[in-house]
Amino acid sequence: MTSFSDLPILRFGVVADPQYAAREPHVGMNRHYARSLAKLSAVVEVFNGEELSFVITLGDIIDRDFESFDDILPVYDRLRHENFFLLGNHDFSVAADRLADVAARVGLASTYYSFARQGWRFIVLDGNEVSTFAPPEGHPYRDIAARRLAELRAAGAINAQEWNAMPSDEQVAWLSDQINKARAAGERVIVMNHYPVYPPNAHDSWDRERIITLLTAHEHVAAYFSGHNHAGNFGTLEGCHFLNFKGMVDTETENTLAIVEIWADRIEVHGFGREDSRTLKLR
């Protein structure tokens, strides 16, 4: 007989960067945009065969064009599990008059939010909030983004890229408050964002240092999950695990997905296809 100790506390599915569009592949970057419909359909079949608490996509649902959502979102509708999205930079590669419609199109009442499951709080960030592409034209965040990008370029930072971004000060204050509320509630925390922050990489959020400082200061923050860097990345800093999942859009035939299991003493990441499997020990 299986005892409760032989079962994980919860299990959930993770996908990063489907980046679908009905366009020709970029051979040089090995990105096959149109193939993501078939890949995602295969992922949904895998997830539907598992007992999962939820599924989350770590941004870049589409590559470009607002109409691309019309093709890919019905594939997600076939999931039998609760489905969560966060937004990536490519999700805002739409006409200027549709920028304000992106969040609602994928069912988000707010672009950052949190939810709790089985004593764990999942904090979902909007890493595009301060950027040169996501805010409506003329919004003050575009000016702040331009100044931050210029500062990073002047400093020679590797993540001084116009396809990166960062949360606003207000959102980071909200993140800190969520972490404190989780501690008060006896919950452990996983933070999710499109943009990685560690180990250092050209795809990192523009405010990587302050996010790292905030997360590593709290022992109940177990991990930070991200997409954006399609090659993937992983590192552990002061007991907090930073896992960048690989991008689905890369390669013509290989897929990538993960099922994450949370246990009392560890997080088990079961990778499929190009995604690696890992054991993340809890501090």
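Residues numbered from 1 in each chain as written. Predicted model: local features only at pLDDT ≥ 70, side-chain atom pairs only at ≥ 80, totals over all residues. Heavy atoms only, no water.

K.L.:
Could you give an account of the pattern of salt bridges, with specific residues and numbers?
P.N.:
On inspection of all chains with the given rule, the structure shows 20 salt bridges. One salt bridge in this structure joins Arg64 and Asp63, with 2.9 Å as the shortest N-O distance. Among the residues examined, Arg64 registers a relative accessible area of 36% and is labelled partly exposed. When the shortest N-O distance is used, the salt bridge between Asp276 and Lys246 registers 3.6 Å. Of this pair, Asp276 sits in the loop between β11 (266–273) and β12 (278–281) while Lys246 sits in the loop between β9 (240–244) and β10 (256–262), and the two are 30 residues apart along the sequence. Relative accessible area serves as the criterion here: at 33%, Asp276 is assigned to the partly exposed category. Looking at Lys246, the relative accessible area reads 18%, which means it is buried. If you follow the salt bridges from partner to partner, you end up with Arg11, Glu50 and Glu261 in one network. (Salt bridge = Lys/Arg side-chain N within 4 Å of Asp/Glu carboxyl O. Buried < 20%, exposed > 50% of the residue type's maximum accessible area, 1.4 Å probe, protein only. Helix = DSSP H or I, 4+ residues; strand = E, 2+ residues; numbered from the N terminus.)

K.L.:
Kindly report on the environment of Phe115, identifying the contributing residues and their values.
P.N.:
Mapped onto the elements, Phe115 comes out in strand β4 (residues 113–117). Sequence-distant contacts of Phe115, that is, excluding residues within four places in its chain, are made with Phe54, Phe84, Trp120, Arg121, Phe122 and Val124. (Contact = heavy atoms within 4.5 Å.)

K.L.:
I'd like a description of the packing of helix α1 (residues 36–48) against helix α2 (residues 68–76), backed by residues and values.
P.N.:
Two elements in contact, α1 and α2, have axes whose closest approach is 9 Å; the angle formed by their N-to-C orientations is 15°. In this view, α1 runs roughly parallel relative to α2, as classed from their interaxial angle. The handedness of the crossing between α1 and α2 comes out as right-handed. Counting all contacts with α1, which are made through Leu37, Leu40, Ser41 and Val44, the residues of α2 involved are Asp71, Ile72, Val75 and Tyr76. Tallied by class, residues from the contact of α1 with α2 come to six nonpolar, one polar and one charged. (Axes fitted to C-alpha atoms, helices over the stretch in contact; angles between N-to-C directions. Parallel < 35°, antiparallel > 145°, perpendicular 65-115°, else oblique. Left-handed = near helix turned anticlockwise from the far one by under 90°. Nonpolar A, V, L, I, M, F, W, Y, C, P; charged D, E, K, R; others polar.)

K.L.:
Tell me about the pairing of β10, residues and numbers included.
P.N.:
The element β10 is extensively covered by neighbouring structure, given that seven of its seven residues are classed as buried. Burial of the side chains of β10 extends over both faces: Thr256, Ala258, Val260 and Ile262 are buried on one face and Leu257, Ile259 and Glu261 on the other. In terms of strand pairing, strand β1 (residues 10–15) meets β10 through five bridges, oriented antiparallel. Following the sheet pairing, Arg11 is matched in β10 by Glu261. Where β10 lies against β11, seven bridges are found, and the strand directions are antiparallel. Its bridge partner lying in β11, Ile262 is registered against Ile267. Counting the residues between successive antiparallel strands, the hairpin from β10 to β11 contains three residues. (Pairing = 2+ DSSP bridges.)

K.L.:
Any details on the sheet that holds β9? Residues and values, ideally.
P.N.:
Pairing between the strands of a sheet comes from backbone hydrogen bonds, and it takes one of two forms, parallel or antiparallel. If you walk across this open sheet you meet the six strands as β4-β5-β6-β7-β9-β8, and the pairing is mixed. Two strands bound the open sheet, and with one partner strand each, they are β4 and β8 (233–237). The mean angle between the axes of side-by-side strands here comes to 15°, regardless of whether they run parallel or antiparallel. Across five bridges, β8 lies against β9 in antiparallel orientation. Paired with Gly235 across the strands is Phe242, a residue of β9. Its contacts with the sheet put helix α5 (residues 169–184) on β4, β5 (120–124), β6 (188–192) and β7 (221–226), and the angle it makes with β5 is roughly 175°. Those strands touched by helix α6 (residues 208–216) are β6, β7, β8 and β9, and its axis lies near 135° from that of β9.

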